[in-house]
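The chain contents come next:
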2 protein chains.
Amino acid sequence: MNQVAPRKTSANRAKVEAKILRAAEKVFAQKGFSGSSMDAVADQAGLSKQLLIYYFPSKEFLYHSVLRNMIDIWIEKMTFVDDPNASPAEIIEAYIRQKIELSRDYPNGSKVFAHEIINGAPVLKDYLLDHLKPQFEKDIQLINKWIENGQIRPIDPEHLFFTIWASTQTYADFSTQIQLLLGKPKLDQKDFDRASDFLCHFVLNALGAQK
Amino acid sequence: MNQVAPRKTSANRAKVEAKILRAAEKVFAQKGFSGSSMDAVADQAGLSKQLLIYYFPSKEFLYHSVLRNMIDIWIEKMTFVDDPNASPAEIIEAYIRQKIELSRDYPNGSKVFAHEIINGAPVLKDYLLDHLKPQFEKDIQLINKWIENGQIRPIDPEHLFFTIWASTQTYADFSTQIQLLLGKPKLDQKDFDRASDFLCHFVLNALGAQK
DNA sequence: GTCTATAGTAGGATAGAC
DNA sequence: GTCTATCCTACTATAGAC
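Worth saying up front: this structure is predicted, and the values here are computed from it rather than measured.

1. Overview of the domain arrangement of chain A
Residue and element names in this part refer to chain A.
Logical step 1: One can read the domain layout of chain A as domain 1 (1-57) and domain 2 (70-207).
Logical step 2: Measuring from the centre of the C-alpha atoms in domain 1 to the corresponding centre in domain 2 gives 31 Å.
Logical step 3: Taken residue by residue, the interface counts 7 residues in domain 1 and 6 residues in domain 2.
Logical step 4: Summed over both sides, the interface of domain 1 with domain 2 buries roughly 510 Å², with 62% coming from carbon and sulfur.
Logical step 5: Linking domain 1 to domain 2 there are 3 residue pairs in polar contact (both at pLDDT 80 or more).
Logical step 6: In terms of residue class, the side of domain 1 that touches domain 2 is built from 2 nonpolar, 2 polar and 3 charged.

Shown next, in the form of C-alpha coordinates:
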(Lines give C-alpha, C1' and ligand atoms only; values in the text may rest on other atoms or scores of the structure.)
Protein backbone atom coordinates (compact mmCIF):
# COMPACT_ATOMS: atom_id res chain seq x y z
CA MET A 1 0.00 0.00 0.00
CA ASN A 2 1.28 3.42 -0.88
CA GLN A 3 -0.66 5.35 1.71
CA VAL A 4 -2.01 4.75 5.15
CA ALA A 5 -5.75 5.28 5.32
CA PRO A 6 -5.86 6.94 1.90
CA ARG A 7 -9.48 8.06 2.01
CA LYS A 8 -9.39 10.04 5.22
CA THR A 9 -5.92 11.28 4.41
CA SER A 10 -6.73 12.69 1.03
CA ALA A 11 -9.94 14.27 2.22
CA ASN A 12 -8.05 16.00 4.98
CA ARG A 13 -5.27 16.96 2.59
CA ALA A 14 -7.75 18.65 0.29
CA LYS A 15 -9.14 20.65 3.19
CA VAL A 16 -5.73 21.72 4.43
CA GLU A 17 -4.59 22.58 0.93
CA ALA A 18 -7.66 24.73 0.38
CA LYS A 19 -6.99 26.53 3.65
CA ILE A 20 -3.38 27.13 2.64
CA LEU A 21 -4.34 28.39 -0.80
CA ARG A 22 -6.75 30.92 0.70
CA ALA A 23 -4.06 32.09 3.12
CA ALA A 24 -1.43 32.26 0.38
CA GLU A 25 -3.75 34.25 -1.86
CA LYS A 26 -4.13 36.81 0.88
CA VAL A 27 -0.41 37.07 1.61
CA PHE A 28 0.67 37.17 -2.05
CA ALA A 29 -2.06 39.77 -2.65
CA GLN A 30 -0.42 42.12 -0.22
CA LYS A 31 3.24 41.77 -1.09
CA GLY A 32 3.57 39.84 -4.33
CA PHE A 33 5.73 36.77 -4.75
CA SER A 34 9.15 37.95 -3.63
CA GLY A 35 7.78 40.11 -0.84
CA SER A 36 5.90 37.22 0.77
CA SER A 37 7.42 34.66 3.08
CA MET A 38 6.39 31.07 3.71
CA ASP A 39 6.36 32.02 7.38
CA ALA A 40 3.71 34.64 6.73
CA VAL A 41 1.57 32.18 4.76
CA ALA A 42 1.91 29.56 7.51
CA ASP A 43 0.89 32.12 10.14
CA GLN A 44 -2.09 33.21 8.06
CA ALA A 45 -3.15 29.58 7.55
CA GLY A 46 -2.63 28.77 11.22
CA LEU A 47 0.00 26.07 10.87
CA SER A 48 3.74 25.69 11.15
CA LYS A 49 6.08 26.61 8.35
CA GLN A 50 7.34 23.03 8.23
CA LEU A 51 3.87 21.67 7.81
CA LEU A 52 3.14 24.19 5.11
CA ILE A 53 6.24 22.98 3.27
CA TYR A 54 5.02 19.42 3.68
CA TYR A 55 1.91 20.33 1.67
CA PHE A 56 3.55 22.75 -0.72
CA PRO A 57 7.22 21.75 -1.07
CA SER A 58 8.35 25.13 -2.36
CA LYS A 59 7.26 28.75 -2.40
CA GLU A 60 7.30 28.73 -6.20
CA PHE A 61 5.01 25.71 -6.30
CA LEU A 62 2.65 27.40 -3.86
CA TYR A 63 2.57 30.57 -5.96
CA HIS A 64 1.94 28.63 -9.15
CA SER A 65 -0.87 26.77 -7.40
CA VAL A 66 -2.49 30.02 -6.32
CA LEU A 67 -2.33 31.35 -9.88
CA ARG A 68 -3.56 28.11 -11.44
CA ASN A 69 -6.42 28.15 -8.97
CA MET A 70 -7.64 31.54 -10.26
CA ILE A 71 -6.46 31.91 -13.84
CA ASP A 72 -9.24 30.14 -15.69
CA ILE A 73 -12.12 31.87 -13.97
CA TRP A 74 -10.18 35.10 -14.38
CA ILE A 75 -9.65 34.86 -18.11
CA GLU A 76 -13.19 33.64 -18.59
CA LYS A 77 -14.50 36.87 -17.04
CA MET A 78 -12.17 38.96 -19.18
CA THR A 79 -13.81 37.78 -22.39
CA PHE A 80 -17.27 38.22 -23.85
CA VAL A 81 -19.94 35.60 -23.76
CA ASP A 82 -21.08 35.89 -27.35
CA ASP A 83 -24.82 35.55 -27.20
CA PRO A 84 -26.04 36.11 -30.77
CA ASN A 85 -29.47 37.19 -29.50
CA ALA A 86 -28.15 39.92 -27.20
CA SER A 87 -27.66 43.55 -28.17
CA PRO A 88 -24.25 45.24 -27.77
CA ALA A 89 -25.61 47.16 -24.79
CA GLU A 90 -26.76 43.97 -23.11
CA ILE A 91 -23.47 42.17 -23.71
CA ILE A 92 -21.40 45.08 -22.42
CA GLU A 93 -23.57 45.69 -19.39
CA ALA A 94 -23.42 42.01 -18.41
CA TYR A 95 -19.68 42.09 -18.97
CA ILE A 96 -19.09 45.11 -16.74
CA ARG A 97 -21.29 43.73 -13.98
CA GLN A 98 -19.53 40.40 -13.92
CA LYS A 99 -16.13 42.12 -13.83
CA ILE A 100 -17.20 44.19 -10.82
CA GLU A 101 -18.54 41.04 -9.17
CA LEU A 102 -15.15 39.46 -9.70
CA SER A 103 -13.46 42.39 -7.94
CA ARG A 104 -15.93 42.07 -5.09
CA ASP A 105 -15.71 38.28 -4.75
CA TYR A 106 -12.01 37.75 -5.43
CA PRO A 107 -10.20 40.91 -4.31
CA ASN A 108 -7.13 38.93 -3.29
CA GLY A 109 -6.97 37.05 -6.56
CA SER A 110 -7.20 40.33 -8.40
CA LYS A 111 -4.32 41.78 -6.39
CA VAL A 112 -2.17 38.71 -6.95
CA PHE A 113 -2.67 39.17 -10.69
CA ALA A 114 -1.96 42.87 -10.37
CA HIS A 115 1.38 42.13 -8.72
CA GLU A 116 2.18 39.53 -11.32
CA ILE A 117 1.43 41.91 -14.22
CA ILE A 118 3.22 44.92 -12.69
CA ASN A 119 6.16 42.59 -12.25
CA GLY A 120 6.19 41.88 -15.98
CA ALA A 121 4.05 38.71 -15.81
CA PRO A 122 7.08 36.41 -15.44
CA VAL A 123 4.87 33.40 -14.71
CA LEU A 124 1.68 34.22 -16.60
CA LYS A 125 3.10 35.70 -19.80
CA ASP A 126 2.86 32.54 -21.90
CA TYR A 127 -0.52 31.62 -20.52
CA LEU A 128 -1.91 35.07 -21.35
CA LEU A 129 -0.52 34.87 -24.87
CA ASP A 130 -2.03 31.43 -25.43
CA HIS A 131 -5.39 31.91 -23.75
CA LEU A 132 -6.27 35.58 -23.29
CA LYS A 133 -4.92 37.02 -26.53
CA PRO A 134 -6.94 34.86 -28.97
CA GLN A 135 -10.16 35.60 -27.09
CA PHE A 136 -9.25 39.28 -26.94
CA GLU A 137 -8.81 39.39 -30.70
CA LYS A 138 -12.13 37.68 -31.26
CA ASP A 139 -13.82 40.21 -28.99
CA ILE A 140 -12.15 43.07 -30.85
CA GLN A 141 -13.64 41.74 -34.07
CA LEU A 142 -17.09 41.60 -32.54
CA ILE A 143 -16.82 45.23 -31.45
CA ASN A 144 -15.63 46.23 -34.90
CA LYS A 145 -18.68 44.49 -36.35
CA TRP A 146 -20.91 46.53 -34.04
CA ILE A 147 -19.18 49.69 -35.24
CA GLU A 148 -19.62 48.73 -38.90
CA ASN A 149 -23.30 48.03 -38.27
CA GLY A 150 -23.69 51.44 -36.63
CA GLN A 151 -24.73 49.83 -33.35
CA ILE A 152 -22.13 51.76 -31.35
CA ARG A 153 -19.99 54.83 -32.00
CA PRO A 154 -16.64 54.27 -33.73
CA ILE A 155 -14.02 53.89 -31.01
CA ASP A 156 -10.70 52.14 -30.50
CA PRO A 157 -11.85 48.67 -29.39
CA GLU A 158 -8.54 47.64 -27.81
CA HIS A 159 -8.50 50.68 -25.56
CA LEU A 160 -12.14 50.13 -24.68
CA PHE A 161 -11.11 46.83 -23.12
CA PHE A 162 -8.14 48.35 -21.32
CA THR A 163 -10.45 50.99 -19.85
CA ILE A 164 -13.12 48.53 -18.74
CA TRP A 165 -10.56 46.19 -17.21
CA ALA A 166 -8.77 49.00 -15.39
CA SER A 167 -11.89 50.66 -14.07
CA THR A 168 -13.46 47.43 -12.83
CA GLN A 169 -10.31 45.95 -11.30
CA THR A 170 -9.51 49.18 -9.51
CA TYR A 171 -12.30 48.35 -7.02
CA ALA A 172 -10.22 45.36 -5.94
CA ASP A 173 -6.63 46.48 -6.45
CA PHE A 174 -6.96 50.08 -5.27
CA SER A 175 -9.74 49.53 -2.76
CA THR A 176 -7.57 51.12 -0.06
CA GLN A 177 -7.47 54.41 -1.92
CA ILE A 178 -11.17 54.30 -2.73
CA GLN A 179 -12.08 53.53 0.88
CA LEU A 180 -9.87 56.36 2.04
CA LEU A 181 -11.50 58.89 -0.27
CA LEU A 182 -15.04 57.69 0.36
CA GLY A 183 -14.33 57.72 4.10
CA LYS A 184 -15.34 54.07 4.51
CA PRO A 185 -13.54 51.34 6.45
CA LYS A 186 -14.56 48.82 3.80
CA LEU A 187 -16.42 48.77 0.49
CA ASP A 188 -19.88 47.26 0.93
CA GLN A 189 -22.48 45.87 -1.46
CA LYS A 190 -23.93 49.34 -2.06
CA ASP A 191 -20.56 50.67 -3.14
CA PHE A 192 -20.13 47.87 -5.65
CA ASP A 193 -23.67 48.44 -6.92
CA ARG A 194 -22.97 52.13 -7.38
CA ALA A 195 -19.75 51.30 -9.17
CA SER A 196 -21.54 48.88 -11.51
CA ASP A 197 -24.37 51.31 -12.19
CA PHE A 198 -21.99 54.18 -12.80
CA LEU A 199 -19.75 52.20 -15.14
CA CYS A 200 -22.61 50.70 -17.14
CA HIS A 201 -24.24 54.06 -17.73
CA PHE A 202 -20.90 55.67 -18.38
CA VAL A 203 -19.67 53.15 -20.92
CA LEU A 204 -23.00 52.79 -22.72
CA ASN A 205 -23.34 56.56 -22.99
CA ALA A 206 -19.79 56.81 -24.27
CA LEU A 207 -20.53 54.19 -26.91
CA GLY A 208 -23.90 55.60 -27.79
CA ALA A 209 -25.32 52.12 -27.29
CA GLN A 210 -29.04 51.94 -26.66
CA LYS A 211 -30.59 49.21 -24.60
CA MET B 1 35.65 72.59 9.00
CA ASN B 2 32.91 70.02 8.91
CA GLN B 3 33.61 68.70 5.44
CA VAL B 4 36.56 68.35 3.11
CA ALA B 5 36.01 70.20 -0.15
CA PRO B 6 32.35 70.80 0.61
CA ARG B 7 31.35 72.19 -2.76
CA LYS B 8 32.56 69.35 -4.94
CA THR B 9 31.47 66.83 -2.34
CA SER B 10 27.89 67.96 -2.06
CA ALA B 11 27.54 68.37 -5.81
CA ASN B 12 28.74 64.82 -6.25
CA ARG B 13 26.49 63.58 -3.47
CA ALA B 14 23.46 65.09 -5.18
CA LYS B 15 24.38 63.35 -8.42
CA VAL B 16 24.90 59.97 -6.78
CA GLU B 17 21.72 60.32 -4.74
CA ALA B 18 19.75 61.09 -7.89
CA LYS B 19 21.22 58.04 -9.60
CA ILE B 20 20.31 55.89 -6.61
CA LEU B 21 16.77 57.23 -6.46
CA ARG B 22 16.20 56.44 -10.13
CA ALA B 23 17.56 52.95 -9.61
CA ALA B 24 15.50 52.43 -6.46
CA GLU B 25 12.35 53.63 -8.24
CA LYS B 26 12.88 50.97 -10.88
CA VAL B 27 13.54 48.17 -8.40
CA PHE B 28 10.68 49.09 -6.04
CA ALA B 29 8.43 49.40 -9.10
CA GLN B 30 8.99 45.76 -9.94
CA LYS B 31 8.75 44.12 -6.55
CA GLY B 32 7.43 46.60 -4.04
CA PHE B 33 9.13 47.42 -0.75
CA SER B 34 9.48 44.02 0.90
CA GLY B 35 10.27 42.23 -2.36
CA SER B 36 13.19 44.52 -3.16
CA SER B 37 16.70 44.18 -1.79
CA MET B 38 19.34 46.84 -1.25
CA ASP B 39 21.63 44.60 -3.30
CA ALA B 40 19.31 44.85 -6.28
CA VAL B 41 19.16 48.64 -5.97
CA ALA B 42 22.95 48.85 -5.69
CA ASP B 43 23.37 46.66 -8.77
CA GLN B 44 20.87 48.76 -10.70
CA ALA B 45 22.65 51.96 -9.64
CA GLY B 46 26.06 50.49 -10.42
CA LEU B 47 27.64 50.72 -7.01
CA SER B 48 28.34 48.52 -4.03
CA LYS B 49 25.74 47.72 -1.45
CA GLN B 50 27.90 49.26 1.26
CA LEU B 51 28.22 52.47 -0.66
CA LEU B 52 24.48 52.57 -1.22
CA ILE B 53 24.00 52.24 2.53
CA TYR B 54 26.44 55.08 3.02
CA TYR B 55 24.11 57.35 1.03
CA PHE B 56 20.84 55.88 2.24
CA PRO B 57 21.39 54.38 5.69
CA SER B 58 18.36 52.11 5.58
CA LYS B 59 16.02 50.51 3.10
CA GLU B 60 13.08 52.22 4.75
CA PHE B 61 14.73 55.61 4.41
CA LEU B 62 15.44 54.91 0.74
CA TYR B 63 11.83 53.88 0.13
CA HIS B 64 10.50 56.96 1.89
CA SER B 65 12.85 59.09 -0.19
CA VAL B 66 11.58 57.55 -3.41
CA LEU B 67 7.98 58.22 -2.39
CA ARG B 68 8.69 61.77 -1.18
CA ASN B 69 10.42 62.40 -4.47
CA MET B 70 7.25 61.59 -6.44
CA ILE B 71 4.28 62.26 -4.19
CA ASP B 72 3.79 65.97 -4.74
CA ILE B 73 3.93 65.89 -8.52
CA TRP B 74 1.70 62.82 -8.34
CA ILE B 75 -1.04 64.35 -6.22
CA GLU B 76 -0.83 67.55 -8.22
CA LYS B 77 -1.71 65.61 -11.38
CA MET B 78 -4.55 63.82 -9.63
CA THR B 79 -6.40 67.08 -8.99
CA PHE B 80 -8.00 69.62 -11.30
CA VAL B 81 -6.44 72.90 -12.19
CA ASP B 82 -9.49 75.06 -11.70
CA ASP B 83 -9.36 77.55 -14.53
CA PRO B 84 -12.57 79.61 -14.25
CA ASN B 85 -12.43 80.47 -17.95
CA ALA B 86 -12.24 76.87 -19.16
CA SER B 87 -15.23 74.71 -20.04
CA PRO B 88 -15.79 71.36 -18.34
CA ALA B 89 -14.74 69.60 -21.54
CA GLU B 90 -11.51 71.57 -21.68
CA ILE B 91 -10.69 70.95 -18.02
CA ILE B 92 -11.37 67.22 -18.28
CA GLU B 93 -9.51 66.79 -21.55
CA ALA B 94 -6.44 68.56 -20.15
CA TYR B 95 -6.74 66.44 -17.03
CA ILE B 96 -6.84 63.13 -18.91
CA ARG B 97 -3.96 64.10 -21.17
CA GLN B 98 -1.72 65.07 -18.27
CA LYS B 99 -2.55 61.84 -16.44
CA ILE B 100 -1.54 59.81 -19.51
CA GLU B 101 1.64 61.86 -19.79
CA LEU B 102 2.38 61.00 -16.20
CA SER B 103 2.02 57.29 -16.97
CA ARG B 104 4.31 57.71 -19.96
CA ASP B 105 6.94 59.80 -18.18
CA TYR B 106 6.94 58.14 -14.76
CA PRO B 107 5.94 54.51 -15.28
CA ASN B 108 8.14 53.38 -12.40
CA GLY B 109 6.78 55.99 -10.03
CA SER B 110 3.28 54.89 -10.95
CA LYS B 111 4.12 51.27 -10.21
CA VAL B 112 5.70 52.13 -6.88
CA PHE B 113 2.46 53.86 -5.91
CA ALA B 114 0.45 50.92 -7.19
CA HIS B 115 2.41 48.56 -4.94
CA GLU B 116 2.02 50.91 -2.01
CA ILE B 117 -1.76 51.19 -2.48
CA ILE B 118 -2.34 47.48 -3.12
CA ASN B 119 -0.37 46.90 0.06
CA GLY B 120 -2.84 49.06 1.99
CA ALA B 121 -0.87 52.31 1.71
CA PRO B 122 1.04 51.70 4.97
CA VAL B 123 3.35 54.65 4.33
CA LEU B 124 1.18 56.99 2.26
CA LYS B 125 -2.16 56.65 4.05
CA ASP B 126 -1.85 59.75 6.21
CA TYR B 127 -0.40 61.82 3.41
CA LEU B 128 -3.25 60.88 1.08
CA LEU B 129 -5.81 61.75 3.75
CA ASP B 130 -4.18 65.12 4.41
CA HIS B 131 -3.36 66.15 0.85
CA LEU B 132 -5.35 64.17 -1.72
CA LYS B 133 -8.70 63.92 0.04
CA PRO B 134 -9.37 67.67 0.49
CA GLN B 135 -8.53 68.33 -3.16
CA PHE B 136 -10.65 65.38 -4.23
CA GLU B 137 -13.63 66.77 -2.34
CA LYS B 138 -13.18 70.18 -3.90
CA ASP B 139 -13.07 68.60 -7.35
CA ILE B 140 -16.22 66.60 -6.59
CA GLN B 141 -17.99 69.85 -5.76
CA LEU B 142 -16.91 71.39 -9.04
CA ILE B 143 -18.28 68.42 -10.97
CA ASN B 144 -21.54 68.63 -9.04
CA LYS B 145 -21.74 72.29 -10.01
CA TRP B 146 -21.34 71.33 -13.68
CA ILE B 147 -24.14 68.82 -13.28
CA GLU B 148 -26.43 71.38 -11.62
CA ASN B 149 -25.69 73.82 -14.45
CA GLY B 150 -26.55 71.15 -17.00
CA GLN B 151 -23.05 71.31 -18.47
CA ILE B 152 -22.55 67.55 -18.16
CA ARG B 153 -24.84 64.56 -17.65
CA PRO B 154 -25.68 63.64 -14.06
CA ILE B 155 -23.17 60.99 -12.96
CA ASP B 156 -21.50 59.80 -9.78
CA PRO B 157 -18.55 62.20 -9.56
CA GLU B 158 -16.48 60.07 -7.16
CA HIS B 159 -16.62 57.08 -9.48
CA LEU B 160 -15.79 59.28 -12.44
CA PHE B 161 -12.46 60.02 -10.79
CA PHE B 162 -11.84 56.37 -9.91
CA THR B 163 -12.46 55.47 -13.56
CA ILE B 164 -10.21 58.17 -14.97
CA TRP B 165 -7.42 57.34 -12.55
CA ALA B 166 -7.65 53.62 -13.21
CA SER B 167 -7.83 53.91 -16.98
CA THR B 168 -4.92 56.35 -17.23
CA GLN B 169 -2.65 54.61 -14.74
CA THR B 170 -3.22 51.25 -16.37
CA TYR B 171 -0.91 52.37 -19.20
CA ALA B 172 1.91 52.46 -16.66
CA ASP B 173 1.02 49.75 -14.17
CA PHE B 174 -0.33 47.13 -16.57
CA SER B 175 1.82 48.06 -19.56
CA THR B 176 3.06 44.47 -19.73
CA GLN B 177 -0.44 43.17 -20.38
CA ILE B 178 -1.21 45.93 -22.88
CA GLN B 179 2.04 45.31 -24.76
CA LEU B 180 1.29 41.61 -24.83
CA LEU B 181 -2.17 42.10 -26.29
CA LEU B 182 -1.12 44.77 -28.77
CA GLY B 183 1.82 42.58 -29.82
CA LYS B 184 4.36 45.33 -29.09
CA PRO B 185 7.67 45.02 -27.25
CA LYS B 186 7.12 48.48 -25.76
CA LEU B 187 4.47 51.20 -25.79
CA ASP B 188 5.56 54.12 -27.97
CA GLN B 189 4.42 57.70 -28.34
CA LYS B 190 1.71 56.69 -30.83
CA ASP B 191 0.22 54.25 -28.35
CA PHE B 192 0.03 56.91 -25.67
CA ASP B 193 -1.50 59.35 -28.16
CA ARG B 194 -4.12 56.79 -29.13
CA ALA B 195 -4.82 56.13 -25.47
CA SER B 196 -5.25 59.85 -24.77
CA ASP B 197 -7.45 60.40 -27.80
CA PHE B 198 -9.56 57.38 -27.01
CA LEU B 199 -10.04 58.32 -23.37
CA CYS B 200 -10.82 61.98 -24.05
CA HIS B 201 -13.47 61.13 -26.62
CA PHE B 202 -14.79 58.33 -24.49
CA VAL B 203 -15.15 60.34 -21.29
CA LEU B 204 -16.49 63.48 -22.97
CA ASN B 205 -19.08 61.43 -24.87
CA ALA B 206 -20.03 59.65 -21.68
CA LEU B 207 -20.50 62.98 -19.90
CA GLY B 208 -22.25 64.58 -22.84
CA ALA B 209 -19.78 67.46 -22.53
CA GLN B 210 -19.38 69.62 -25.62
CA LYS B 211 -16.13 71.36 -26.42
C1' DG C 1 34.06 58.61 0.07
C1' DT C 2 35.05 53.88 -0.92
C1' DC C 3 36.49 49.49 0.34
C1' DT C 4 36.76 44.70 3.18
C1' DA C 5 35.11 42.10 6.74
C1' DT C 6 31.63 40.66 9.40
C1' DA C 7 27.77 40.70 12.69
C1' DG C 8 23.04 39.43 13.14
C1' DT C 9 18.80 37.96 11.39
C1' DA C 10 15.15 36.16 8.38
C1' DG C 11 13.92 33.11 4.91
C1' DG C 12 13.60 28.65 2.20
C1' DA C 13 14.29 24.09 2.67
C1' DT C 14 15.82 19.31 4.65
C1' DA C 15 16.46 15.37 8.09
C1' DG C 16 14.70 12.63 11.20
C1' DA C 17 12.08 11.50 15.58
C1' DC C 18 7.47 10.22 16.74
C1' DG D 1 1.00 13.80 9.28
C1' DT D 2 3.12 16.61 12.58
C1' DC D 3 6.85 18.06 15.31
C1' DT D 4 11.97 19.63 16.61
C1' DA D 5 16.27 20.67 15.17
C1' DT D 6 19.09 22.47 11.86
C1' DC D 7 21.44 23.79 7.45
C1' DC D 8 22.36 27.29 4.22
C1' DT D 9 21.72 31.28 1.82
C1' DA D 10 20.41 36.05 1.28
C1' DC D 11 19.60 40.11 3.46
C1' DT D 12 20.10 44.57 6.29
C1' DA D 13 23.30 46.87 8.61
C1' DT D 14 27.74 48.05 11.24
C1' DA D 15 32.84 48.57 12.15
C1' DG D 16 36.88 49.94 10.71
C1' DA D 17 40.93 50.23 7.30
C1' DC D 18 42.44 53.25 3.69
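2. Focus: the interface of chain A and chain B
Logical step 1: The partner chain B presents 54 residues to the 53 residues of chain A that form the contact.
Logical step 2: Considering only the side of chain A, the residues that lose the most area to chain B are I118, L181 and F202 of chain A, jointly responsible for 16% of the buried surface there.
Logical step 3: Counting across the chain A and chain B interface gives 4 salt bridges.
Logical step 4: With its nearest N and O atoms 2.3 Å apart, the salt bridge here joins D156 of chain A to R194 of chain B.
Logical step 5: Connecting chain A to chain B are 8 residue pairs in polar contact (both at pLDDT 80 or more).
Logical step 6: Elements represented by at least two residues in the side of chain A that touches chain B include exactly α1 (6-35), α6 (107-118), α7 (125-148), α8 (157-173), α9 (175-182) and α10 (189-207) of chain A.

3. A look at the relation of the copies chain A and chain B
Logical step 1: Turning chain A through 180° and shifting it by 0.0 Å along the axis lays it on chain B, with an RMSD of 0.1 Å. What the superposition gives is, in effect, a two-fold axis relating one chain to the other.
Logical step 2: Both copies present the same face, since 100% of the interface residues in chain A are matched by interface residues at the equivalent positions in chain B.

4. Concerning the packing of α10 of chain A against helix α8 (residues 157-173) of chain B
Logical step 1: Two elements in contact, α10 of chain A and α8 of chain B, have axes whose closest approach is 10 Å; the angle formed by their N-to-C orientations is 70°. One element, α10 of chain A, and the other, α8 of chain B, form an angle in the roughly perpendicular class. For the pair formed by α10 of chain A and α8 of chain B, the contact residues are D191, R194, A195, F198, L199 and F202 of chain A on the first element and E158, H159, L160 and T163 of chain B on the second.
Logical step 2: Grouping the amino acids of the contact of α10 of chain A with α8 of chain B by side-chain chemistry returns 5 nonpolar, 2 polar and 3 charged.

5. Focus: the packing of aromatic side chains
Logical step 1: For the structure on display, the rule yields 35 aromatic pairs over all chains.
Logical step 2: The interplanar angle of 50° and the centroid separation of 5.2 Å between the aromatic rings of F80 of chain A and F161 of chain A together place this pair among those described as tilted. Linking F80 of chain A in the loop between α4 (59-77) and α5 (88-105) with F161 of chain A in helix α8, this pair joins segments that are 81 residues apart in sequence.
Logical step 3: Look at F80 of chain A and you get buried, because its relative accessible area is 9%.
Logical step 4: Consider the rings of F136 of chain A and F162 of chain A, whose centres lie 5.9 Å apart with planes at 15°: the pair is stacked. Of this pair, F136 of chain A sits in helix α7 while F162 of chain A sits in helix α8; the two residues are 26 residues apart in sequence, bridging distant segments of the chain. Each member of the pair, F136 of chain A as well as F162 of chain A, is classed as buried.
Logical step 5: An aromatic cluster is defined as three or more aromatic residues linked by ring pairs; in this entry it consists of F80, Y95, F136, W146, F161, F162 and W165 of chain A together with Y171 of chain B.
Logical step 6: The ring of F33 of chain B carries the charged tip of K59 of chain B above its face, separated from the ring centre by 4.7 Å.

Calculation criteria
- Residues numbered from 1 in each chain as written.
- Chains lettered and ligands numbered in written order.
- Predicted model: local features only at pLDDT ≥ 70, side-chain atom pairs only at ≥ 80, totals over all residues.
- Heavy atoms only, no water.
- Domains from an automatic or database assignment.
- Contact = heavy atoms within 4.5 Å.
- Buried area = accessible area lost by both parts, 1.4 Å probe.
- Polar contact = N/O pair within 3.5 Å; in protein donor to acceptor, adjacent residues only side chain to side chain.
- Nonpolar A, V, L, I, M, F, W, Y, C, P; charged D, E, K, R; others polar.
- Salt bridge = Lys/Arg side-chain N within 4 Å of Asp/Glu carboxyl O.
- Helix = DSSP H or I, 4+ residues; strand = E, 2+ residues; numbered from the N terminus.
- Least-squares fit on C-alpha atoms with pLDDT ≥ 70 in both.
- Axes fitted to C-alpha atoms, helices over the stretch in contact; angles between N-to-C directions.
- Parallel < 35°, antiparallel > 145°, perpendicular 65-115°, else oblique.
- Phe/Tyr/Trp six-rings, centres within 6.5 Å; stacked < 30°, edge-to-face > 60°.
- Buried < 20%, exposed > 50% of the residue type's maximum accessible area, 1.4 Å probe, protein only.
- Lys NZ or Arg CZ within 6 Å of the ring centre and 35° of its normal.

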